[in-house]
Amino acid sequence: MTVKVRRQRPRRRVFWALVAVLLADLLALSDTLAVMSVDLGSESMKVAIVKPGVPMEIVLNKESRRKTPVIVTLKENERFFGDSAASMAIKNPKATLRYFQHLLGKQADNPHVALYQARFPEHELTFDPQRQTVHFQISPQLQFSPEEVLGMVLNYSRSLAEDFAEQPIKDAVITVPVFFNQAERRAVLQAARMAGLKVLQLINDNTATALSYGVFRRKDINTTAQNIMFYDMGSGSTVCTIVTYQMVKTKEAGMQPQLQIRGVGFDRTLGGLEMELRLREHLAGLFNEQRKGQRAKDVRENPRAMAKLLREANRLKTVLSANADHMAQIEGLMDDVDFKAKVTRVEFEELCADLFERVPGPVQQALQSAEMSLDEIEQVILVGGATRVPKVQEVLLKAVGKEELGKNINADEAAAMGAVYQAAALSKAFKVKPFVVRDAVVYPILVEFTREVEEEPGVHSLKHNKRVLFSRMGPYPQRKVITFNRYSHDFNFHINYGDLGFLGPEDLRVFGSQNLTTVKLKGVGDSFKKYPDYESKGIKAHFNLDESGVLSLDRVESVFETLVEDSPEEESTLTKLGNTISSLFGGGTTPDAKENGTDTVQEEEESPAEGSKDEPGEQVDLKEEAEAPVEDGSHPLPPEPKGDAAPEGEKATEKENGDKSEAQKPVVFRASVTRFGFR
């Protein structure tokens, strides 16, 4: 009998084992590729995800609904979110928090804090002396800031996304209202950090909506500019945006579609919530009238009853959008007394008459900021739940003078879908078709500084200067460099908001302080003493307005320059010094060095602000940097000064001069001496 020994079987086992390991690694890698977006509205939020095999899907919550109420109920050992918290609002209204986003980034004396307290008197707001803001006082031992409450909501949204995607998710794009200023945007970023989210971008909700509209209509975009107006009335606010769609030529991918935000108008308090509050007050009056003469308490003094009335007002507003009248009814409203009353659409419109008069306001603001007329607008598209109110559509249609209003977009989910598309584009795990987005600065930012000048021999005076850093409706993200040419000692400069004349008096009070921060530079005089024989090229401050619309000061440095003739026989000592500095800090003629050197800064023409013209010989340059990666050591602008930073060393780059040969051309090197400590 012949015995055969098969030696190949162990090899096959090893092969299939390696295949199994490789597949396991690939599956593990795919388990961390998902990204998410959160469309954070005042009343509800929509969450969307993108993962391998699931392109742009709205997340269903635990109740299988596509949108989740932004409500949190906080107890000593329990937390409830979404629909569960909404059901708890009747039982425990004091511990159930809603519309808290209106308090983000607001100091205690802000008019919106008083407005919130008037709308929801059941909540106890306490003063935080350290941050000058407010806390929700749930109990003597339990208090939370609005940022902490938002962090809980974002963490809950993350858990919904992870359950739906069946994998962990960290990367997210979050929508914010376009009118959020620096303090409000930083508050959202702080809340996201508490939730353990890596924010790829804070995208304006109007931009996200415009992106969603463009992505699904890519074939309709051509080289002819199309101007579309989006009118978004949500629960808490109203925003009108003018967007231009056009095919443009890009360096990386040739002809690609682009959206550009051309004009923005807004009303911070015009929305569905204010309509519901008017209805709630009307229903409370009707209930009190029914019990008149019974020595009954005012229903407004009962938080549980008012929570029931607000819920009924929300339902009533929705029903009256489709019906001429409806019967409001609440079982056991207060003291086991049922409430029933008929409300007509005419009564509702009379209650909100002054609100409907404000509907055209954002349209006019958007047209003014875009410097356009209604004749240039091809279509007006409705976004947001409150635009379903018939009177809103009637007034808006009359204001824009169009035959009809566009309703060819999902008013509830457009922003979430646009944001998740942007999340996929920013993630390294996905490759999407390019869509160029050019967002616009709503609030201009400028730099102010004071310098002593000598008007006459022996006569000195202080001169106040202003330089616009980021102009209103200018594009972002972008970097700017401002150069101070007349300083040789330590000095300060202020970063403030620019002209906010387009805001009304009430909006200005809500906006808060117009000063962003004060930068105190140290080490300027020392740098001039260290290089007395070099020619100063000024003090350069590098600013970055990133994709989230958040301003940071990357660095401040002093630049010196010297010119040395390069002899073919023997290099001079100064030439060797220049070459040594250049090589130590990345200078030279390599492509990378040139890309990150001084040639990437382009001059931008800028006229001096009114009343601050430069004297002869004075020059304060404003320059725009080409797109480059953000440095890891960038310094975000703090709300308050927090001490000095130590100098961070030196940097040098090399600047080429013409097409001369190495033996004939002079060697020019620029030493960025001392990145100053600032606060």
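Cut-offs applied
- Residues numbered from 1 in each chain as written.
- Predicted model: local features only at pLDDT ≥ 70, side-chain atom pairs only at ≥ 80, totals over all residues.
- Heavy atoms only, no water.
- Helix = DSSP H or I, 4+ residues; strand = E, 2+ residues; numbered from the N terminus.
- Buried < 20%, exposed > 50% of the residue type's maximum accessible area, 1.4 Å probe, protein only.
- Contact = heavy atoms within 4.5 Å.
- Areas by Shrake-Rupley, 256 points an atom, 1.4 Å probe, with all protein chains shown as cover.
- Pairing = 2+ DSSP bridges.
- Axes fitted to C-alpha atoms, helices over the stretch in contact; angles between N-to-C directions.
- Expected span 1.5 Å × (residues − 1).
- Core = buried A, V, L, I, M, F, W, Y, C linked by side-chain atoms within 4.5 Å.
- Polar contact = N/O pair within 3.5 Å; in protein donor to acceptor, adjacent residues only side chain to side chain.
- 1 Å grid on protein atoms, 1.4 Å probe; cavity = no way out; pocket = protein on both sides within 12 Å on 5 of 7 lines; lining within 4 Å.
- Points joined across faces, edges and corners; volume = space filled by probe spheres on them.
- Nonpolar A, V, L, I, M, F, W, Y, C, P; charged D, E, K, R; others polar.
- Domains from an automatic or database assignment.
- Salt bridge = Lys/Arg side-chain N within 4 Å of Asp/Glu carboxyl O.
- Phe/Tyr/Trp six-rings, centres within 6.5 Å; stacked < 30°, edge-to-face > 60°.
- Lys NZ or Arg CZ within 6 Å of the ring centre and 35° of its normal.
- Parallel < 35°, antiparallel > 145°, perpendicular 65-115°, else oblique.
- Left-handed = near helix turned anticlockwise from the far one by under 90°.
- pLDDT = per-residue confidence, 0-100.

On to the overall build of the chain. Looking only at helices and strands, the chain features 17 helices and 32 strands. Here the chain holds 679 residues, and the buried ones make up 50% of them. Within the chain, contacts between residues at least 6 apart in sequence are counted, and of these 69% link residues at least 24 apart. A total accessible area of about 33600 Å² is found for the chain, and carbon and sulfur atoms account for 49% of it.

Looking now at the sheet that holds strand β21 (residues 459–470). With antiparallel pairing, the 4 strands of this open sheet are ordered in space as β21-β20-β24-β25. Every interior strand has two partners, whereas the edge strands, β21 and β25 (515–520), have only one. Averaged over all pairs of adjacent strands, the angle between strand axes in this sheet comes to 25°, irrespective of strand direction. With 11 bridges connecting them, strand β20 (residues 445–456) and β21 associate as antiparallel partners. The residue of β21 that forms the bridge with Glu456 is Val459.

To continue, consider helix α8 (residues 303–320). Over its 18 residues, α8 extends 25 Å from the first C-alpha to the last, a length consistent with the 26 Å expected when each residue adds 1.5 Å. Residues of α8 that are buried: Ala305, Met306, Ala307, Lys308, Leu309, Leu310, Glu312, Ala313, Leu316, Lys317, Val319 and Leu320. Looking at the packing, one finds that the buried side of α8 touches α2 (82–91), β7 (96–98), α7 (272–290), β16 (325–334), β17 (337–344) and α9 (345–351).

Before going further, it helps to spend a moment on the nonpolar core. Membership of the largest hydrophobic core comes to 123 residues, with the highest contact counts inside it found for Phe230, Tyr245, Phe484, Phe493 and Phe543. Setting aside residues no more than four positions away along its own chain, Phe230 makes contact with Thr209, Ala210, Tyr213, Val239, Cys240, Thr241, Val243, Tyr245, Ile381, Val383 and Ile409.

The subject of this paragraph is the side chain of Asn465. Structurally, the position occupied by Asn465 is in strand β21. Given the relative accessible area of 0%, Asn465 is considered buried. Of the polar contacts made by the side chain of Asn465, one reaches the backbone oxygen of Lys463; its length is 3.3 Å.

Next up on the list: the environment of Leu333. Mapped onto the elements of the fold, Leu333 is located in strand β16. On the accessibility criterion, Leu333 (3% relative accessible area) is buried. Excluding residues that lie within four positions of it along the chain, Leu333 makes contacts with Phe287, Val299, Ala305, Lys308, Leu309, Asp338 and Phe339.

Taken as a whole, this structure holds 6 cavities of 30 Å³ or more when the rule is applied. In this model, the largest cavity occupies a volume close to 160 Å³. Around the largest cavity sit 15 residues that line it, and Gln182, Arg185, Val442, Tyr443 and Gly549 are the ones nearest its centre. Split by residue class, the lining of the largest cavity holds 10 nonpolar, 4 polar and 1 charged. Mapped onto the domain boundaries, the lining of the largest cavity takes at least three residues apiece from domain 1 (35–269 + 357–439) and domain 3 (443–564). Roughly 110 Å³ of volume is contained in the second largest cavity.

Looking now at the sheet that holds strand β14 (residues 238–250). Taken in spatial order, the 6 strands line up as β18-β13-β14-β15-β19-β22 in an open sheet, and their pairing is mixed. With partners counted over all chains shown, the strands left at the sheet margins are β18 (379–383) and β22 (475–476), one partner each.

Attention shifts here to the pattern of salt bridges. When their charged atoms lie close together, side chains carrying opposite charge are able to pair. One pass over the structure, following the stated rule, counts 24 salt bridges. In this structure, the salt-bridge partner of Arg66 is Glu413, at a minimum N-O distance of 2.6 Å. Of this pair, Arg66 sits in the loop between β3 (54–58) and β4 (68–69) while Glu413 sits in the loop between α12 (390–400) and α13 (414–426), and the two are 347 residues apart along the sequence. Arg66 sits in the partly exposed class, given a relative accessible area of 39%. One connected set of salt bridges, linked through shared partners, spans Arg119, Glu274, Arg278 and Asp354.

For the rest of this paragraph, the subject is the packing of aromatic side chains. Per the stated rule, a full pass over the model turns up 25 aromatic pairs. Summarising the aromatic geometry, the rings of Phe348 and Phe356 are spaced 6.5 Å apart at their centres and angled 80° between planes, so their arrangement reads as edge-to-face. Judged by its relative accessible area of 3%, Phe348 falls in the buried class. Among the aromatic side chains, those forming a connected cluster through ring pairs are Phe449, Phe484, Tyr487, Phe491, Phe493 and Phe543. Above the face of the Phe502 ring, Arg472 is positioned so that its terminal group lies 3.7 Å from the ring centre.

Quick look at the packing of α7 against α8 now. Packed helices, taken two at a time, are described by their axes: the angle between them and the distance between them. Orientation of α7 relative to α8, taken along the N-to-C sense of each, is 120°, at an axis distance of 8 Å. Judged by the inter-axis angle, α7 sits oblique to α8. α8 is crossed by α7, and the crossing has right-handed handedness. Contact residues: Gly272, Met275, Glu276, Leu277, Leu279, Arg280, Leu283 and Ala284 in α7; Met306, Leu309, Leu310, Glu312, Ala313, Asn314, Leu316 and Lys317 in α8.

Once that is clear, we can look at the pairing of β16. Two elements, β16 and β17, share 7 bridges in a ladder whose sense is antiparallel. Residue pairing across strands places Met327 opposite Lys342, the latter belonging to β17. From the end of β16 to the start of β17, which pair antiparallel, there are 2 residues, and Asp335 there has a positive phi angle of about 55°.

Bringing the confidence of the model for the chain into the picture now. Do not read the predicted coordinates in detail wherever pLDDT is low. Looking at the chain as a whole, the pLDDT averages 81, with 78% of positions reaching at least 70. Confidence drops under pLDDT 50 across residues 14–30; counting only partners more than four residues distant or on other chains, this segment forms 2 contacts. pLDDT under 50 marks residues 574–620. Its contacts with residues more than four places away, or in other chains, come to 84 contacts.

Burial analysis of strand β13 (residues 226–233) places 8 of its 8 residues in the buried class, which makes it a mostly covered element. Alternating positions in β13 separate into two faces, Gln226, Ile228, Phe230 and Asp232 on one and Asn227, Met229, Tyr231 and Met233 on the other, with burial throughout. Inspection of the sheet shows β13 paired to β14 by 8 bridges, in the antiparallel sense. Looking across to β14, one finds that Tyr231 is bridged to Cys240. Here β13 folds back onto β14 in antiparallel fashion, the turn holding 4 residues.

Restricting attention to buried positions, one finds in α12 the residues Val392, Gln393, Val395, Leu396 and Val400. Where α12 is buried, its residues contact β13, α7, α10 (353–357), α11 (361–370) and β18. Looking at the residues trailing α12, positive phi occurs at Gly401, about 65°.

Right, let's talk about the environment of Ser42 for a bit. Relative to the helices and strands, Ser42 resides in the loop between β1 (35–40) and β2 (44–51). Spatially, the C-alpha atom of Ser42 lies 5.5 Å from that of Tyr99, the residues being 57 residues apart in sequence. Setting aside chain neighbours within four positions, we find Ser42 in contact with Val70, Tyr99, Gln101, His102, Ser235 and Gly236.

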